[in-house]
Structures are given as structure tokens and as C-alpha cells.
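Structure assessment
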Amino acid sequence: FNRFNLVEGWFLSQEGDAIFNCIYNSNINGINIEIGSWKGKSTSWLSYASKLKNNDLICIDHFIGSPEHEDLRNNKLTTFTEFVNNLQTLDLYDNITIIASTSEKAKKLINQTIKFIFIDGNHNQFSDDLKNYKHLLVSGSIVAFHDCGQRGTSGITDYMYSLIESGEYEFLGMFYSLGVIIKK
């Protein structure tokens, strides 16, 4: 797994191990989805586990970065080519379907049961990202939110805990800044 750290990004090995184990140990028949791929660091972990379990992985990203990446947006650049090159170099590209779009637009193209969904897109839209695909989750489907913190410190974390308190989801754990829940 050390080779995944060669890909630029903000995703730690502890988080990758958690994602890998969630996908690898799940017996749900379904697809895996990543919302927010950047240059493919988290995708490497998702793709490797998906490949071993013979699952498809759908990566959804517009590839122009977050609002703080003005240099990409202003120069009309994208991270798409680097994303593809990184995954091809790691031999993890063949089980990936890329939807270069927003989560909102991509939802119209997906109708399979979701085994695992990793949400790391725009932090102002994380709840919408889950709502777009919630109808495809079944009992045992796993939802992972990146950039969680202590309860009360971020909207993402508070949203995750509200899902647990709703009774629909159960808490699986926090792995550095990765919050993981499972649908009951």
C-alpha cells in the first residue's frame, strides 16, 4: 500500500486501511462510489479493494478542485489527466467508471445497489451527496465521510452523528478524519 502514498492528496494510510477493510469484509452485492477523487489517492485504496472483491467503482468528480483551488478554475485546468495517469501507473484503472460531473448530475446515471460510498466532495454539499444516492443503500451498505472531526467541530461530523441518531445508521468508527457508518 505504500505505493499509494506517491499520489498527491490529503488521505492517510489509516484512512485507506479502514476503507479497504470495509469494502473487503462486506458481503453486500453492489457497487462502490467515490464522490470527490482529486488526483486519485483515496481512489487507489477504493480501486484496489474493489478489484479484489470484483466490484465496480464509480468515481464522481468534476476535476476542477474545490473553491480554494482558484488556480485550476481560473486557468481552466483540471486534475483529470493526472488522476487517470496515477491510476494507470498503479494498475488500478481497469475497474473504474469515471463520471466527470457533479454528484447531482451523476445521480441520474446510477441505479445499482451501493455497497460502499465515500464522500469527500464539496464540503458545503456533503448532505446532498448522500441524499442523491440514499435510495440505493441497503441494510449493510457503508457510508464513509472524509474530513470529519470531533463532534461539534464540523458540519460533516454533526451530519454523520445526526444520521446515527436517526436510527437508520450505526457508527462503525473514526479513523483519523474518516467517519464510517453502516445502514441498519
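Up top you'll find the structure we're talking about.
To keep things clear, this report deals only with the structure shown in the data block. (Residues numbered from 1 in each chain as written. Predicted model: local features only at pLDDT ≥ 70, side-chain atom pairs only at ≥ 80, totals over all residues. Heavy atoms only, no water.)

**Some points on the environment of S177**
As a reminder, the rule being used: Secondary structure is summarised from DSSP: a helix means a run of H or I of at least four residues, a strand means a run of E of at least two, and numbering begins at the N terminus for each. Working definition: with a 1.4 Å probe on protein chains only, accessible area under 20% of the residue-type maximum means buried, over 50% means exposed, and in between means partly exposed. The contact rule is simple, with two residues in contact once any of their heavy atoms fall within 4.5 Å. Under the rule applied, a polar contact is a pair of N or O atoms within 3.5 Å (in protein, one hydrogen donor and one hydrogen acceptor; residues adjacent in sequence only if both atoms are side-chain atoms).
Note on placement: S177 falls in the loop between β6 (169–175) and β7 (178–183). Take S177: its relative accessible area is 11%, and that puts it in the buried class. Through-space distance from the C-alpha of S177 to that of G149 is 5.9 Å; in sequence the pair is 28 residues apart. Apart from the residues lying within four places of it in its own chain, the contact partners of S177 are E15, F145, H146, D147 and C148. Only 2.6 Å separates the side chain of S177 from the side chain of E15, close enough to count as a polar contact.

**Considerations on the packing of helix α6 (residues 126–133) against helix α7 (residues 155–165)**
Two numbers describe a pair of packed helices, the interaxial angle and the distance between the axes. This is how it is decided: An axis is simply a line fitted to the C-alpha atoms; with a helix, the fit covers only the stretch in contact. Between two such axes, the angle follows the N-to-C directions and lies from 0 to 180 degrees. Each angle gets one of four labels, with under 35 degrees taken as roughly parallel, over 145 as roughly antiparallel, 65 to 115 as roughly perpendicular, and the rest as oblique. Note on residue classes: Ala, Val, Leu, Ile, Met, Phe, Trp, Tyr, Cys and Pro are nonpolar, Asp, Glu, Lys and Arg are charged, and everything else, Gly too, is polar.
Where α6 contacts α7, the axes come no closer than 10 Å and their chain directions differ by 40°. Between α6 and α7, the interaxial angle falls into the category oblique. Together, F126, S127, L130 and K131 of α6 and G155, I156, Y159 and L163 of α7 make up the contact between the two elements. For the contact of α6 with α7, the residue count by class is five nonpolar, two polar and one charged.

**Overview of the packing of aromatic side chains**
Filter applied, for reference: Here is the rule: rings of Phe, Tyr and Trp (six-membered ring for Trp) pair when centre to centre is within 6.5 Å. Planes less than 30 degrees apart are stacked, more than 60 are edge-to-face, and the remainder are tilted. Two conditions define a charge located above a ring, namely a distance within 6 Å from the ring centre to NZ of Lys or CZ of Arg, and an angle within 35 degrees of the ring normal.
On inspection of all chains with the given rule, the structure shows 11 aromatic pairs. A ring pair is formed by F11 and F118, whose centres lie 5.6 Å apart and whose planes are at 80°; its orientation type is edge-to-face. Linking F11 in the segment before α1 (13–25) with F118 in strand β4 (residues 114–119), this pair joins segments that are 107 residues apart in sequence. Take F11: its relative accessible area is 4%, and that puts it in the buried class. Here the aromatic residues F4, F20, Y24, W45 and Y48 are joined through ring pairs into a cluster of three or more. Between K53 and the ring centre of Y24, over which it is positioned, the NZ or CZ distance is 5.3 Å. The side chain of K183 reaches across the aromatic face of Y169, ending 5.6 Å from its centre.

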